[in-house]
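Secondary and tertiary structure notes
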Amino acid sequence: MELILQRFYFPGGTNGMLYHNGKLVCYTIELPWLNNEPLHSCIPEGIYRVSMRHSNKFGLHMQLHGVPGRSLILFHPANDAATELKGCIAPVTMLTGEGKGALSRKAFEKLKKLIILNAMQAPVFLTIKTNKQ
């Protein structure tokens, strides 16, 4: 399974559109690009393996593997990248500003179900790239 994240970069945060099989799954928010600085930047564009992970803080959620110079990059709910993210990606139902969105938990649950259903059949990968529009 492949997910495609098409990003838009802004000084206040990074917004994206997450697709599966050409269909929009949800929007995403992240920190702005700050040269992959841990805890302060979104991660570099590339292809990453996605797995399921459990923690007391987020319950069942997703983790990205193979991020250069980074670890514990997660998909988890958040509506404001600047105050709720430390390099992770938050699915949101709608974008409300640079690195800001709404109804993150709803989008997160939709994405989690999609990944769980497909992960049983094949590995899940996320391709992150700049939106060319």
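Thresholds applied
- Residues numbered from 1 in each chain as written.
- Predicted model: local features only at pLDDT ≥ 70, side-chain atom pairs only at ≥ 80, totals over all residues.
- Heavy atoms only, no water.
- Pairing = 2+ DSSP bridges.
- Helix = DSSP H or I, 4+ residues; strand = E, 2+ residues; numbered from the N terminus.
- Axes fitted to C-alpha atoms, helices over the stretch in contact; angles between N-to-C directions.
- Contact = heavy atoms within 4.5 Å.
- Expected span 1.5 Å × (residues − 1).
- Buried < 20%, exposed > 50% of the residue type's maximum accessible area, 1.4 Å probe, protein only.
- Arc of directions from axis to C-beta.
- Polar contact = N/O pair within 3.5 Å; in protein donor to acceptor, adjacent residues only side chain to side chain.

Regarding the sheet that holds strand β7 (residues 90–92)
- The strand order across the open sheet formed by 8 strands is β6-β5-β4-β10-β1-β2-β3-β7, and the pairing between neighbours is mixed. Of all the strands in the sheet, just β6 (73–75) and β7 have a single pairing partner and so form its edges. For this sheet, the mean angle separating the axes of adjacent strands, direction not counted, is 35°.
- For strand β4 (residues 46–55) and strand β5 (residues 59–65), the ladder comprises 7 bridges, and the chain directions are antiparallel. The residue bridging Met52 from the neighbouring strand is Met62, located in β5.
- The sheet contacts of helix α2 (residues 104–119) involve β1 (2–10), β2 (13–20), β3 (23–30), β4, β5, β6, β7 and β10 (124–130), and relative to β5 the element is tilted by about 70°.

Some remarks on α2
- The end-to-end C-alpha separation of α2 is 22 Å, in line with the 22 Å expected for 16 residues at 1.5 Å each.
- Turning to α2, its buried residues number three or more, namely Ser104, Ala107, Phe108, Leu111, Lys112, Leu114, Ile115 and Asn118. End-on, the buried residues of α2 take up no more than an arc of 165°, which puts them together on one face. With respect to the buried face of α2, the exposed residues turned more than 90 degrees away are Arg105, Lys106, Lys113 and Leu117.

Observations regarding the side chain of His61
- By the element assignment, His61 lies in strand β5.
- For His61, the side chain forms a polar contact with the main-chain oxygen of Gly59, separated by 2.8 Å.

So, the side chain of Lys112
- Summarising the element assignment, Lys112 is placed in helix α2.
- Relative accessible area serves as the criterion here: at 12%, Lys112 is assigned to the buried category.
- There is a polar contact of 3.4 Å between the side chain of Lys112 and the side chain of Glu109.
- Discounting chain neighbours no more than four positions away, the residues touching Lys112 are Met52, Leu60 and Met62.

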